[in-house]
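Structure at a glance
Given next are the chains, with one letter for each unit.
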Amino acid sequence: MTTDPPPEPTEASAPGGPRRARTAFRRWRRTRPFWAALWTGLGGFVIFFLPMAPLGKILQVGVGGIAGMAGGVLLMAMALLILLLPGQRHTAGVIAVIAGVASFPLSNLGGLFVGMFLSVLGGSMAFAWLPEKPARRRRPRRTTPSAERPVPQGSGSA
């Protein structure tokens, strides 16, 4: 038998610890264009790593490989920019779309169309994303019943 006090629960072992972390991540994710950054980064990853495939699986070797790696790195950088600086999403989205389309002739058909499609999708989603606005409070309308409305004075028959 030991006389040590029981260990205090930590954040991870406390009940609701993972749930609390998941809720915090969800709250953080909703404040930025998360899915746009994910698709852009995935497209950049495909474009970047396809030139490193074995020679039998790639269509062009040489300058296309270098351009593919540069385009992939640029797209992954734009994904980080979209994720970490949501205020710059328009610029990063346009650059991602241009880099995705440019990867078609420069890098193995844009990562065999998959990387190009994902980067164009992510860039356009980033450009179109709008932050959630808090719900506006509606003030109740002041309506007067018809019996209380004043009768307009006009020229009428008496």
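So, here is what we can say about the structure in this document. (Residues numbered from 1 in each chain as written. Predicted model: local features only at pLDDT ≥ 70, side-chain atom pairs only at ≥ 80, totals over all residues. Heavy atoms only, no water.)

It is worth spelling out the overall build of the chain at this point. In terms of helices and strands, the chain carries 6 helices and 0 strands. Counting from the amino terminus, the chain carries its helices and strands in the arrangement α-α-α-α-α-α. Residue burial in the chain is summarised as follows: out of 158 residues, 29% are buried. Contacts in the chain between residues at least 24 apart in sequence constitute 72% of all its contacts with a sequence separation of at least 6. Element-wise, carbon and sulfur atoms account for 65% of the exposed surface of the chain, whose accessible area totals about 11,900 Å². (Helix = DSSP H or I, 4+ residues; strand = E, 2+ residues; numbered from the N terminus. Buried < 20%, exposed > 50% of the residue type's maximum accessible area, 1.4 Å probe, protein only. Contact = heavy atoms within 4.5 Å. Areas by Shrake-Rupley, 256 points an atom, 1.4 Å probe, with all protein chains shown as cover.)

Our next topic: the packing of aromatic side chains. Applying the stated criterion to the full structure yields 7 aromatic pairs. Between Phe-34 and Trp-35, the aromatic rings sit 5.2 Å apart at their centres with planes inclined by 80°, giving edge-to-face as the arrangement. Residue Phe-34 is classed as buried on the basis of its relative accessible area, which comes to 17%. Ring centres 5.5 Å apart and planes at 35° place the aromatic pair Phe-104 and Phe-113 in the tilted group. Judged by its relative accessible area of 44%, Phe-113 falls in the partly exposed class. By the ring-pair criterion, three or more aromatic residues cluster together here, those being Phe-25, Trp-28, Phe-34, Trp-35 and Trp-39. (Phe/Tyr/Trp six-rings, centres within 6.5 Å; stacked < 30°, edge-to-face > 60°.)

Here we come to the packing of helix 2 (residues 34-49) against helix 6 (residues 114-128). Packing of helix 2 against helix 6 brings their axes to within 7 Å, and their N-to-C directions diverge by 155°. Our classification of the angle between helix 2 and helix 6 gives roughly antiparallel. Both helix 2 and helix 6 take part in a crossing whose hand is left-handed. Contact with helix 2, carried on its side by Trp-35, Ala-36, Trp-39, Thr-40, Leu-42, Gly-43, Val-46 and Ile-47, involves Gly-115, Met-116, Leu-118, Ser-119, Leu-121, Gly-122, Gly-123, Met-125 and Ala-126 of helix 6 and no other residues of that element. Taken together, the residues of the contact of helix 2 with helix 6 sort by class into 11 nonpolar, 6 polar and no charged. (Axes fitted to C-alpha atoms, helices over the stretch in contact; angles between N-to-C directions. Parallel < 35°, antiparallel > 145°, perpendicular 65-115°, else oblique. Left-handed = near helix turned anticlockwise from the far one by under 90°. Nonpolar A, V, L, I, M, F, W, Y, C, P; charged D, E, K, R; others polar.)

What follows covers a nonpolar patch on the surface. Taken together, the side chains of Phe-25, Trp-28, Leu-80, Leu-84 and Leu-85 define a hydrophobic patch exposed on the protein surface, amounting to about 490 Å² of accessible area. Elements that contribute at least two residues to the nonpolar patch include exactly helix 1 (17-29) and helix 3 (63-84). Residue placement: Leu-80 occurs in helix 3. (Patch = residues over 30% accessible without salt bridge, like charges linked within 9 Å, V, L, I, M, F, W, Y side chains within 5 Å. Salt bridge = Lys/Arg side-chain N within 4 Å of Asp/Glu carboxyl O.)

A few words on a positive patch on the surface. Taken together, the side chains of Arg-19, Arg-22, Arg-26 and Arg-30 make up a positively charged region of the molecular surface. Structurally, Arg-30 is set in the loop between helix 1 and helix 2. (Lys, Arg positive; Asp, Glu negative; His and termini not counted. Charge placed at Lys NZ, Arg CZ, Asp CG, Glu CD.)

Listed in full, the 12 residues of the largest apolar core are Phe-34, Ala-36, Ala-37, Ile-47, Leu-75, Met-78, Ile-82, Leu-83, Ala-92, Ala-96, Ala-99 and Ala-126. Listed by contribution, the elements that provide at least two residues to this core are helix 2, helix 3 and helix 4 (89-106). With near-sequence residues (within four places) excluded, Ile-82 lies in contact with Pro-33, Ala-36, Ala-37, Thr-40, Ala-92, Gly-93 and Ala-126. (Core = buried A, V, L, I, M, F, W, Y, C linked by side-chain atoms within 4.5 Å.)

Below, the discussion takes up the environment of Ala-96. As for its placement among the helices and strands, Ala-96 is situated in helix 4. Judged by relative accessible area, which is 0%, Ala-96 ranks as buried. Spatially, the C-alpha atoms of Ala-96 and Met-78 are 6.4 Å apart, while their sequence positions differ by 18 residues.

Turning next to the side chain of Ser-119. With respect to the helices and strands, the residue Ser-119 is situated in helix 6. Residue Ser-119 is classed as buried on the basis of its relative accessible area, which comes to 0%. A distance of 3.0 Å separates a polar atom in the side chain of Ser-119 from the backbone oxygen of Met-116. (Polar contact = N/O pair within 3.5 Å; in protein donor to acceptor, adjacent residues only side chain to side chain.)

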